[in-house]
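# Structural description and commentary
This is what each chain is made of:
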Amino acid sequence: MSKLLLLGDEAIAQAFIDAGGSAINSYPGTPSTQITEYVMKSKQAREQGVVANWCANEKTALEASIGVAYAGKRAMTCMKHVGLNVCGDPFMNASIIGTKGVLIVVADDPSMFSSQDEQDSRYYGHWAMIPMLEPSNQQEAYDMVFSGYDLSEQLGTPVLMRIPTRLAHSRAGVERKPVRPQNPISSPSDPKSYVLLPVNAKRLYRDLIDKQPQFTKCSEESGYNQFIEGPDHSRGIITTGIAFNYLQENFPGGKCPYPVVKITQYPLPFNMLNKLYDEVDELLVLEDGQPFVEEHIKGFLGKGKPVHGRLDETIRRDGELNAEKVAIALGKPMPKGPAVPEVVTNRPPALCVGCPHIDSYEAVIDVMKKYPDGRVFGDIGCYTLGFNMGAINTTVCMGASVTMAKGAAEMGIFPSIGVIGDGTFGHSGMTGLLDCVNEKANVVIIILDNDITAMTGGQPSSANMKLFNICKGLGVDPDHIRTIVPLKKNHDEFMKILEEEIAYNGVSVIIPQRVCIVENKKRIAAKK
Amino acid sequence: MKKDIILCGVGGDGIVSVAKIISDAALNLGLNVKQSEIHGMSQRGGSVFSHLRVSSEPIFADVIPEGKADIILSSEPMEALRYLTFLAPDGAVITNSDPFVNISNYPEIDKVYAELKKLPKLVCFNANAIAKELNARGNMVLLGAAAPYLEIEFEELEKAIKAIFGRKGDEVVETNIKAIRAGRDAK
């Protein structure tokens, strides 16, 4: 079969289709979005009857995957790293159940290209005590979906695949494998395993502990983890995932003179690591993420041979790994091109020309000039860029605009305004609004409705066309659910509505409705 | 052969499609390809870049180390300067001369040109003006201008354009081919 040029994300998606996956349930998040999108667009997936859904959030998505596994079929759920926090509950419990045929793909974002933190999902996988895969390239990402399902089905455990931005969003040639059939529908071999009453959960947790040696044996023997001999034993190197490539980049033909343990599967292969430790004078650990392996090797007391890496800042603790950082750690000189001339200025991301959020924010900014003690609580999406306009005071996590506005209002902040997009409101704004209603909080919640999840490239928004009724259903007085079209010509009317709702002592919702300008162009083009 | 190429510009100007065309052509020739790009928040109207690596030998990292890029191909003159630390000593810079001013502190354009002129291998011309006449996009004209530096036969790029834009119809294919030819012939 000829090679396909695929993003790491797309390689995973194609492998899911080829490996007999039955259902993919996800929530979009950079840099993971293209996995599920690829399956949705795939003709092959449609012909094979694969179910592909964008869900309301990562928790609902992963729970759907547990349901797919209950029916005996292969499931995948994809998300960005912070999405794993949202589905922490089903994630931890899927491991106790020992779901078969569940692959959870999490894309981490070292250097925070599009994220609010650098958390490393391997800590979650370790915490849940499940096997993890961390491919070093696109081909491995493809192959590991097959072996991930094998692991999951043979050992009775969900499997976590962790990829960083650079693998998710980099293309390379990928060779496909023959297509596997989907599993037939079936019942769990141990039906009690899906009933996590303490009586069952205690037994299942013990089972999970007893499975650990098997998981480790697989790591030692699967062939993904490799001990690569090298003549120079003054130093041994441990790489995880794509860090191996940055090491190779530093030597002609990729031939490293030091012995290397290349890790792409967890739990850690202790035999290989022990062998390396015994043979060398000191260790260097290269990871594109937080010092997960390094902390394990070093231990809290840091005794034994020196271990260098991110903890002692041989490699900077923050930011993504690259070939330059590895060169510095190896003590190699690095060539550099000419310096960037001083004349070059920053060009930060900005809201698109004609974006409806600009008009909404201009109204908010003009009204808030009258209330220097008031605060505007922001949220996650394109509209976070309103910070650059001076429109919002905070951005923390999905849905926090609504709940932070409530908490602050109850402490006397006035006016206390939350600004959230329609997609984020569907993800985790609704429950917060229910809190506001129950406590009769004095807040104004502005739901910026651009008809789409724009930030991640235009996925349908789960609350689309339902916003008014959702707010009404949650108990917001319909007289205080206001809609407006955010356009320059409506600026004064927008200000008037906002002032009226600030004056109302209770929960108000304002819904500015105008389709995302990028999405609108796409829709016009599609009609032609 | 080995070509490490930084493609850069401003979000939305089609840098990724240029990378795709070169990648497709290289893959057809049996070369190894790695092409890395950034999506998401970093995309909206801000600086964008893509690392494209083409080689007859295995390629290791998805990103090009500093000081190793053979070509910087930029759709905007100031953006070409932003990635200079990646340029190899004998590397070439091919850039559009038409500034995209969406920030209030954009420098005086003559200062940008003065910095560009210091570079040993520079191709700098108004690709947007040529594109406008052809009803095409500047990025395709730039691709044509970069062609002689790629060590990939021009016909292979045309083939890749046909493969990628084929489903959008003959007119789109023709327009893009005209654009890369105009870029190749531009002085």
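Here the residue numbering is sequential within each chain, running from 1 through the sequence in written order. The lettering of chains begins at A and the numbering of ligands begins at 1, in the order of writing. Per-residue local features of the predicted model are confined to residues with pLDDT of at least 70, and side-chain atom pairs are confined, for both listing and counting, to 80 or more; whole-chain, interface and lining totals are unaffected and use all residues. Side-chain numbers come from the whole structure's heavy atoms, not from hydrogens or water.

### Some remarks on the overall build of chain B
Counting secondary structure elements, chain B contains 7 helices and 6 strands. For chain B, the α and β elements follow one another from N to C terminus as β-α-β-β-β-α-β-α-β-α-α-α-α. Note on classification: 1.4 Å probe, protein chains only; a residue is buried when its accessible area is under 20% of the maximum for its type, exposed when over 50%, partly exposed between these limits. Per-residue burial for chain B yields a buried fraction of 59% across its 187 residues. To measure how exposed things are, a 1.4 Å probe is used in the Shrake-Rupley method; for residues, cover is taken only from the protein chains shown. Accessible surface, chain B as shown: approximately 7700 Å² in total, 50% of it carbon and sulfur. Side chains of chain B give 22 positive and 25 negative charges; the mean places of these two sets differ by 1 Å. Working definition: helices are DSSP H or I runs of at least four residues, strands are E runs of at least two. Numbering for both runs from the N terminus. Neither His nor the chain ends is counted toward charge; the positive residues are Lys and Arg and the negative residues Asp and Glu. Every charge is mapped onto a representative atom, which is NZ of Lys, CZ of Arg, CG of Asp or CD of Glu.

### Description of empty space enclosed by the protein
All names here are of chain A. Residues are called lining when one of their atoms sits within 4 Å of a cavity or pocket point, these points coming from a 1 Å grid over the protein atoms alone, where a cavity is a set in which a 1.4 Å probe fits but cannot get out and a pocket is an open set with protein on both sides within 12 Å along at least five of seven lines. Grid points are joined across faces, edges and corners, and a volume is the space filled by probe spheres set on the points. Going through the model one piece at a time under the given rule, you end up with 2 cavities of 30 Å³ or more. Estimates place the volume of the largest cavity at around 100 Å³. Along its surface, the largest cavity is lined by 13 residues, and C352, C355, C382, A454 and C516 are the ones closest to its centre. Taken together, the elements giving at least two residues each to the lining of the largest cavity come down to helix 15 (356–368) and helix 21 (517–527). For this classification, the nonpolar set comprises Ala, Val, Leu, Ile, Met, Phe, Trp, Tyr, Cys and Pro, the charged set comprises Asp, Glu, Lys and Arg, and every other residue, Gly included, is treated as polar. Residues belonging to the lining of the largest cavity are distributed by class as follows: 10 nonpolar, 2 polar and 1 charged.

### Some remarks on the state of the cysteines
The rule for a disulfide is simple: a pair of cysteine sulfur atoms within 2.5 Å. Taken as a whole, this structure holds 0 disulfides over all chains when the rule is applied. In this structure B:C8 is not part of a disulfide, and its nearest cysteine sulfur, from B:C124, lies 12 Å away.

### Quick notes on the pattern of salt bridges
Throughout this description, the term salt bridge denotes a Lys or Arg side-chain nitrogen within 4 Å of a carboxyl oxygen of Asp or Glu. Applying the stated criterion across every chain, the model contains 47 salt bridges over all chains. Residue A:K43 is joined to A:E47 by a salt bridge in which the shortest nitrogen-to-oxygen separation is 3.5 Å. Of this pair, A:K43 and A:E47 are both found in helix 3 (residues 43–47), 4 residues apart, which corresponds to roughly one turn of the helix. Exposure class is identical for A:K43 and A:E47. Each is exposed. B:R181 is paired through a salt bridge with B:E158; the nearest N and O atoms lie 2.7 Å apart. Taken as a pair, B:R181 in helix 7 (residues 170–185) and B:E158 in helix 6 (residues 154–165) lie far apart in primary sequence, 23 residues in all. Looking at B:E158, the relative accessible area reads 10%, which means it is buried.

### What about the packing of helix 4 (residues 127–134) of chain B against helix 5 (residues 138–150) of chain B?
All names here are of chain B. For helices, the axis comes from a line fit to the C-alpha atoms of the stretch in contact; other axes are also lines fit to C-alpha atoms, and the angle between any two N-to-C directions lies between 0 and 180 degrees. Axis separation between helix 4 and helix 5 bottoms out at 8 Å; the angle between their running directions is 115°. For helix 4 against helix 5, the interelement crossing comes out right-handed. Side by side, helix 4 and helix 5 meet where A127, N128, I130 and A131 of the first sit next to G138, V141 and L142 of the second. The residue inventory of the contact of helix 4 with helix 5, partitioned by class, reads 5 nonpolar, 2 polar and no charged. If you view the pair so one helix is near and one far, a crossing is left-handed when the near helix is turned anticlockwise from the far one by less than a right angle, and right-handed when it is turned clockwise. Contact definition: two residues touch when any of their heavy atoms are within 4.5 Å.

### Examining the packing of helix 15 of chain A against helix 20 (residues 491–503) of chain A
All names here are of chain A. As a packed pair, helix 15 and helix 20 sit with axes 9 Å apart at the nearest point and diverge in direction by 55°. Our classification of the angle between helix 15 and helix 20 gives oblique. For helix 15 against helix 20, the interelement crossing comes out right-handed. Between helix 15 and helix 20, the residues in contact are S360, E362, A363, V364, D366 and V367 and H491, F494, M495, L498, E499 and I502, respectively. Its residues placed into classes, the contact of helix 15 with helix 20 shows 7 nonpolar, 2 polar and 3 charged. Working definition: roughly parallel below 35 degrees, roughly antiparallel above 145 degrees, roughly perpendicular at 65 to 115 degrees, and oblique for all remaining angles.

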